[in-house]
Amino acid sequence: KEFGDHPDVIGFMIVSVRYQAVHNNAYMKTYALMEELGKPLGFHSNYNWNDRLVGNANRFLVTHALGFTVYNALHLCNWVVNGMPERFPKLKTIWIESGLAWIPWVMQRLDNDYKMRWSEAPSLKGLPSDYMREMFYTSQPMEIPDNPDILKMTFDMINADDQLLWASDYPHWDMDVPSVIYDLPFLDERQKRKMLGGNAIDLFNLDVSKRFPNYKPA
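Residues numbered from 1 in each chain as written. Predicted model: local features only at pLDDT ≥ 70, side-chain atom pairs only at ≥ 80, totals over all residues. Heavy atoms only, no water.

**What about the layout of surface pockets?**
In step 1: Volume-wise, the largest pocket comes out at about 290 Å³.
In step 2: Along the walls of the largest pocket sit 18 residues, with M13, I94, I96, T138 and F204 positioned nearest its centre.
In step 3: At the level of elements, β1 (12-15), β2 (41-44) and β3 (93-96) are the ones that each hand at least two residues to the lining of the largest pocket. (1 Å grid on protein atoms, 1.4 Å probe; cavity = no way out; pocket = protein on both sides within 12 Å on 5 of 7 lines; lining within 4 Å. Points joined across faces, edges and corners; volume = space filled by probe spheres on them. Helix = DSSP H or I, 4+ residues; strand = E, 2+ residues; numbered from the N terminus.)

In structure tokens form, the structure reads like this:
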């Protein structure tokens, strides 16, 4: 209520390392207000070495690889299965700093189980993956497989043309420069422009006319 209409506030963000369910009734009024304001909600992942699950790893490599994905994966699953996209259809969500490789995995797992236990998600009017394709994802740290077809498949599955936001995470050790998107051989110039900035301009309703007077949506 205090900052929602401030011109410098383009959205809201919460840290995903948390143990209260995103579908808890205590949050419903807050989601409704965000939806009313037209501001997106970002879930920024991280790791917690003190977590009993990821804390079993004796190498940071494992804690980092799993921690940054598992928290967002869990909250996204709860968000979808508990019908939040149907309850707040205009509230846009962004899943931040988890890379991309986990998304096809979650899509396939949720779709598969939903087909067998759809009664546990009565609010849904489509497959879980249908809702996930309408969500936004930041690219960093983007996994670059040796086979580019794997990454292209991921881009296709998440509707990356419209839903992917390049992020740098500068100056962290696993940061991504713009070339991780720009150098991909299966993208054309229009797709690159959208992922490197155009999608973010649209999502956050940014006025770039003063800085880029000749800007036109890709």
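**With respect to the sheet that holds strand β5 (residues 164-165)**
In step 1: Sheet architecture is open: five strands sit in the order β1-β2-β3-β4-β5, paired in parallel fashion. Looking at which strands have only one partner, the edges of the open sheet turn out to be β1 and β5.
In step 2: Both β1 and β2 contribute to a ladder of four bridges, which runs parallel. In the sheet register, M13 faces β2, and the bridge partner there is G42. (Pairing = 2+ DSSP bridges.)

**What to know about the pattern of salt bridges**
In step 1: Inspection of every chain in the model, using the stated rule, returns six salt bridges.
In step 2: Residues K125 and E86 are paired through a salt bridge, measuring 3.9 Å at the closest nitrogen-oxygen approach. Of the two residues, K125 sits in the loop between α4 (102-116) and α5 (128-132) while E86 sits in helix α3 (residues 84-87), which places them 39 residues apart along the sequence.
In step 3: Given the relative accessible area of 73%, K125 is considered exposed.
In step 4: When the shortest N-O distance is used, the salt bridge between D130 and R133 registers 2.9 Å.
In step 5: Overall, R133 belongs to the partly exposed group, its relative accessible area being 28%. (Salt bridge = Lys/Arg side-chain N within 4 Å of Asp/Glu carboxyl O. Buried < 20%, exposed > 50% of the residue type's maximum accessible area, 1.4 Å probe, protein only.)

All we've got here are geometric facts, nothing functional implied.
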